[in-house]
Amino acid sequence: QVELVESGGGLVQAGGSLRLSCAASGRAFSAYARAWFRQAPGKERDFVARISWNGGDTAYANSVKGRFTISRDNAKNTVYLQMNSLKPEDTAVYYCAEASNIRYAGPRTDEYDSWGQGTQVTVSS
């Protein structure tokens, strides 16, 4: 079972940037589909961005398109989420997820079977 650990969250002013990281451990090979989701208090967990096993295919939620960029470094077993032009409505706990043994996955939470503990992102106005 792979372990996913997110880092890079924090408090930032509107218009600022953060870069989240999702490092995987516990398995030698981890080049499977991954995604970022987020969950604000009292709301459902929503899709943010996804990336295929080799980084060649990515997709974004409409709310973050043009501001966020997902990428990966398979040599480091790490996926990143670069977040620019942050808005207060981006405030949430951000979760990294992996679809084990799957190279391409979609935006649904039930497509992913490994999850990190989450990292808090707070954007002040």
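Here, the structure is the one placed above.
A quick note: this is a predicted structure, and the numbers were derived from the prediction, not measured.

**Brief notes about the pairing of strand 7 (residues 68-73)**
Going residue by residue along strand 7, you find F68, I70 and R72 tucked away on one face and T69, S71 and D73 left uncovered on the opposite face. Here strand 7 runs beside strand 8 (residues 78-83); their pairing, made up of 6 bridges, is antiparallel. For R72, the partnering residue across the bridge sits in strand 8 and is V79. The antiparallel pairing of strand 7 with strand 8 creates a hairpin that spans 4 residues between the two strands, and N77 there sits at a positive phi of about 55°.

**Topic: the state of the cysteines**
The tally for this structure, following the rule as stated, stands at 1 disulfide. Covalent S-S linkage joins C22 and C96, the inter-sulfur distance amounting to 1.9 Å. Across the S-S bond of C22 and C96 the torsion is about -75°, and the bridge reads as left-handed. Taken together, the positions of C22 in strand 3 (residues 18-25) and C96 in strand 9 (residues 92-99) put the pair 74 residues apart, joining distant regions of the chain. For C22, a relative accessible area of 0% puts it in the buried group. The class for C96 is buried, based on a relative accessible area of 0%.

**With respect to the pattern of salt bridges**
Under the defined criterion, the tally for this structure stands at 6 salt bridges. Measuring nitrogen to oxygen at the nearest pair gives 2.7 Å for the salt bridge that ties R50 to D57. Judged by relative accessible area, which is 17%, R50 ranks as buried. Taken together, the shared-partner salt bridges connect R38, R67 and D90 into one network.

**Here's the deal with the pairing of strand 1 (residues 3-7)**
Residues L4 and E6 line the buried face of strand 1, whereas the alternating positions E3, V5 and S7 sit on a face that is not buried. Pairing of strand 1 with strand 3 involves 5 bridges; the strand directions are antiparallel. Paired with S7 across the strands is S21, a residue of strand 3.

**Section: the layout of surface pockets**
Reported here for the largest pocket is a volume of approximately 170 Å³. Taken together, 13 residues make up the lining of the largest pocket; nearest its centre are R38, A40, K43, D46 and E89. Counting only elements with at least two residues in the lining of the largest pocket, the list comes to strand 4 (33-39) and strand 5 (45-51). Its residues assigned to classes, the lining of the largest pocket comprises 4 nonpolar, 3 polar and 6 charged.

Rules behind the numbers
- Residues numbered from 1 in each chain as written.
- Predicted model: local features only at pLDDT ≥ 70, side-chain atom pairs only at ≥ 80, totals over all residues.
- Heavy atoms only, no water.
- Buried < 20%, exposed > 50% of the residue type's maximum accessible area, 1.4 Å probe, protein only.
- Helix = DSSP H or I, 4+ residues; strand = E, 2+ residues; numbered from the N terminus.
- Pairing = 2+ DSSP bridges.
- Disulfide = S-S within 2.5 Å.
- Salt bridge = Lys/Arg side-chain N within 4 Å of Asp/Glu carboxyl O.
- 1 Å grid on protein atoms, 1.4 Å probe; cavity = no way out; pocket = protein on both sides within 12 Å on 5 of 7 lines; lining within 4 Å.
- Points joined across faces, edges and corners; volume = space filled by probe spheres on them.
- Nonpolar A, V, L, I, M, F, W, Y, C, P; charged D, E, K, R; others polar.

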